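Observations on the model geometry
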Amino acid sequence: MPEAESLKRTSSAAGGSRGAERALYGVYEISKLLTVPERLEVTLARGLHLLSSFLDMRHALIALLHEDGTVETAVGSGWSEALAKRYFEALPERAIGQIVVTQMPLVVENVQEDPLFEGSELSASAPGQVVTFIGVPIKDRGRVIGTLTIDRDHAIGVRGDFSFDDDVRFLTMIANLLGQTVRLQRLIVRDRERLMEDRHRLEKVIEQSAPGERASHVTGIIGDSAPIRAVLDKVRLVARSHSAVLLRGESGTGKELFARALHDLSPRSDKPFIAVNCAALPEGVLESELFGHEKGAFTGAAGQRKGRFELADGGTLFLDEIGEISPAFQAKLLRVLQEGEFERVGGSTTHKVNVRLVTATNKNLEMAVANGEFRADLYYRISVVPISLPPLRERTADIPLLAGEFLRRFNSEHGAQLTLGDGALKVLRSCSFPGNVRELENCVRRTATLARGASLTGDDFACHHDECLSAVLWAKAGHDRPSGFMPLPVVSNPTPMRRHATPSEQSFDAREPGEGVVALASSRGMHELGSERDRLIGAMESSGWVQAKAARILGLTPRQVGYALRKHEIPIKKF
């Protein structure tokens with residue numbers, strides 16, 4: 001008899017160990033599934049499907065309830081939402097009510113013999129079968145928000161390899177995870193709705209504001225065209241709030257200047273303005289830059305260092321190229337924006353900050369969100385108020401003002417007294433400047449450096465000597481070409497361009513050198529030549545192997561013909 005008791009205790013201990021191991025593994029696997037960003041109903045359904053591999057059960061059901069007890073969401077294992085809702089409504093109201101009111105699990109070993117299930121569909125099982133029901137509450141901060149129920153059947157007299165106590169503990173742990181997941185999902189939904197309402201409210205205020213409500217000047221921003229005035233009106237209105245702002249525009253449109261204007265016009269103007277270019281730093285360095293680090297956190301961390309969030313506390317933090325940060329770092333950044341707190345790298349102390357966030361990008365974030373490259377919740381956080389900055393080609397009236405300012409700075413730095421002539425302004429107005437204000441400044445400085453007289457003329461510019469590579473660079477970038485730029489057409493005029501042509505007017509820059517030669521040779525009636533290499537050789541032979549003459553035949557510049565010759569490895573014949 002003692003041996004039998006010992007064997008029973010050993011078997012019970014082994015079974016308990018297996019049950020604990022199963023529960024631990026089940027909680028681990030289901031918790032991983034619940035952290036995946038997905039619609040709540042899909043997440044719950046997948047969790048139930050995974051639960052069925054850990055528990056012996058026939059049906060499983062999660063029901064989320066309104067405060068009045070009615071069903072908000074019902075999800076069953078392998079069921080549609082409508083079918084799951086009908087199944088839940090078929091369960092005895094007294095049984096569900098007992099779980100909700102007592103906030104305790106309910107275990108009914110045989111529903112056919114329990115008065116709670118009298119007359120229910122579960123009690124009408126086949127002869128010789130016993131149906132067991134287990135239900136646990138799903139709670140959120142001490143309040144029942146739903147139930148997790150399962151039922152299983154087995155033959156009379158056969159209990160199977162399971163323990164009600166183990167199953168209840170396992171289901172209670174899963175219900176706790178579900179409660180946290182539901183709470184987090186609802187917080188995100190409410191947060192997103194609030195942010196969208198704030199965004200719509202601010203946009204409405206901006207639309208209804210009087211156009212004359214403007215200050216006379218914003219430091220660093222030069223221009224008086226209608227597009228730039230409209231942006232400045234919006235900046236002045238948005239600056240009064242603490243809402244996050246997303247500046248959108250092509251490279252070179254002055255996003256950091258507008259971020260600075262948002263800070264200077266805001267109630268935080270007496271606090272720090274901190275700028276960080278996210279694309280310029282690797283992820284590990286960026287984390288240390290933004291959050292700081294403790295001494296010894298990594299190799300080279302000789303002392304404690306405050307991050308940019310701490311340095312900008314009370315002021316404004318500008319994150320340029322926000323679309324370039326990795327998905328892993330997006331999650332870290334989201335926590336700071338949601339909670340206003342973070343830990344330094346290598347530290348455990350939580351620091352709270354109050355920072356107004358301004359971000360900027362030239363990337364299509366909506367497309368990045370759709371492709372899974374950028375978190376949707378972070379997108380809603382940073383894009384409360386989006387402001388689009390106009391490219392320079394949409395504000396050509398500002399080009400004389402900008403060019404004059406850049407020339408003034410050049411004169412101040414070099415002790416010169418150069419001026420802009422009418423011919424120079426005419427050339428500048430004719431260019432689309434795909435690099436925007438940054439390219440305009442470089443153009444003015446380059447021309448001023450090489451100018452021979454006291455006044456810049458049209459002939460001083462590089463484009464008048466076929467030396468401007470701007471359009472070539474933008475054409476080779478392809479996908480980075482600013483929106484609104486059309487594919488570059490083939491030039492039919494054989495005379496080389498002698499003016500500052502826009503990217504949309506360049507004939508050769510949208511293609512590789514050889515491709516431009518082929519297209520233009522075809523337009524010159526050289527169809528009898530079989531390949532683009534033959535066409536190029538034909539032009540060279542007909543011109544006596546003089547590149548300048550061949551260029552005129554093909555409607556190209558000598559430089560472009562030289563590119564094509566090198567591409568096709570054609571040796572130059574000399575006579």
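Notes on the structure follow. (Residues numbered from 1 in each chain as written. Predicted model: local features only at pLDDT ≥ 70, side-chain atom pairs only at ≥ 80, totals over all residues. Heavy atoms only, no water.)

Some details on the overall build of the protein chain
As a reminder, the rule being used: By definition, any uninterrupted DSSP run of H or I lasting at least four residues is a helix, any uninterrupted run of E lasting at least two residues is a strand, and each is numbered from the N terminus. Every residue pair with non-hydrogen atoms within 4.5 Å of one another is taken to be in contact. Accessibility throughout is a Shrake-Rupley quantity obtained with a 1.4 Å probe, and a residue counts as covered only by protein chains that appear here.
Regarding its fold elements, the protein chain presents 20 helices and 16 strands. For the protein chain, long-range pairs separated by at least 24 residues make up 67% of all intrachain contacts whose partners lie at least 6 apart in sequence. When the accessible area of the protein chain is evaluated, it comes to approximately 29400 Å², of which 52% is carbon and sulfur surface.

Remarks on helix 8 (residues 283-291)
Under the convention used in this document: Burial classes: relative accessible area under 20% of the type maximum marks a residue as buried, over 50% as exposed, and values in between as partly exposed (1.4 Å probe, protein chains only).
Taken together, the buried positions of helix 8 are Leu 286, Glu 287, Ser 288, Glu 289, Leu 290 and Phe 291. Residue Gly 292 follows helix 8 closely and has a positive phi angle near 80°.

Looking at the sheet that holds strand 13 (residues 356-361)
The following threshold applies: Two strands are counted as paired when DSSP detects at least two bridges linking them. All axes are obtained by fitting lines to C-alpha atoms, using only the stretch in contact for helices, and the reported angles, taken between N-to-C directions, cover 0 to 180 degrees.
Read from one edge to the other, the open sheet built from 5 strands follows the order 7-10-13-6-14, with strand pairing classed as parallel. Each edge of the open sheet carries a strand with a single partner, namely strand 7 (273-277) and strand 14 (385-388). Strand-to-strand twist of the sheet, defined as the mean angle between neighbouring strand axes without regard to direction, takes the value 20°. Direction of pairing for strand 6 (residues 245-248) relative to strand 13: parallel, over a ladder of 4 bridges. Across the sheet, residue Val 245 finds its bridge partner in strand 13, namely Val 358.

Things to note about the pattern of salt bridges
The cut-off we apply is this: Note on definitions: salt bridges are taken to be side-chain nitrogens of Lys or Arg within 4 Å of carboxyl oxygens of Asp or Glu.
Using the criterion set out here, one finds 27 salt bridges in the structure. Among the ionic pairs, Glu 310 bridges to Arg 344, the shortest N-O distance being 2.9 Å. With Glu 310 in helix 9 (residues 308-311) and Arg 344 in the loop between strand 11 (341-343) and strand 12 (350-352), this pair connects stretches of sequence that are 34 residues apart. Pair check on accessibility: Glu 310 and Arg 344 agree, each one buried. Among the ionic pairs, Glu 441 bridges to Arg 445, the shortest N-O distance being 3.4 Å. Residue Glu 441 and its partner Arg 445 are located together in helix 15 (residues 436-450), separated by 4 residues, close to a single helical turn. Linked by salt bridges that have partners in common, Asp 191, Arg 194, Asp 198 and Arg 381 make up one network.

Re the pairing of strand 1 (residues 59-65)
For strand 1, the tally of buried residues reaches 6 of 7 residues, placing the bulk of the element in the interior. Here strand 1 runs beside strand 2 (residues 71-76); their pairing, made up of 5 bridges, is antiparallel. Paired with Leu 65 across the bridge in strand 2 is Val 71.

So, the environment of Ile 188
In this structure, Ile 188 sits in helix 5 (residues 164-208). Since its relative accessible area comes to 29%, Ile 188 is described here as partly exposed. In this structure the C-alpha to C-alpha distance between Ile 188 and Asp 377, which are 189 residues apart in sequence, comes to 7.6 Å.

Some points on the packing of aromatic side chains
The cut-off we apply is this: Under the pairing criterion, centres of Phe, Tyr and Trp rings, with the six-membered ring standing for Trp, must be within 6.5 Å; the plane angle then separates stacked pairs below 30 degrees from edge-to-face pairs above 60, leaving the rest tilted.
Counted according to the given criterion, the structure contains 8 aromatic pairs. Each ring, one from Phe 273 and one from Phe 318, has its centre 6.5 Å from the other, and the planes form 15°; the classification is stacked. In this pair, Phe 273 sits in strand 7 while Phe 318 sits in strand 10 (residues 316-320), placing the two residues 45 residues apart along the sequence. For Phe 318, a relative accessible area of 0% puts it in the buried group. Pairwise contacts between aromatic rings join Phe 291, Phe 309, Phe 329 and Phe 342 into one cluster.

Points about the packing of helix 19 (residues 547-554) against helix 20 (residues 558-567)
Put simply, the test is: For classification, angles of less than 35 degrees are called roughly parallel, those exceeding 145 degrees roughly antiparallel, those between 65 and 115 degrees roughly perpendicular, and all remaining angles oblique. Classes in brief: Ala, Val, Leu, Ile, Met, Phe, Trp, Tyr, Cys and Pro nonpolar; Asp, Glu, Lys and Arg charged; the others, Gly included, polar.
Two numbers describe how helix 19 lies on helix 20: the axes approach to 8 Å, and their chain directions differ by 100°. Comparing their axes, helix 20 and helix 19 come out roughly perpendicular. Across the interface between the two elements, Gln 547, Ala 548 and Ala 551 of helix 19 pack against Pro 558, Val 561, Gly 562 and Leu 565 of helix 20. Along the lines of polarity and charge, the residues of the contact of helix 19 with helix 20 split into 5 nonpolar, 2 polar and no charged.

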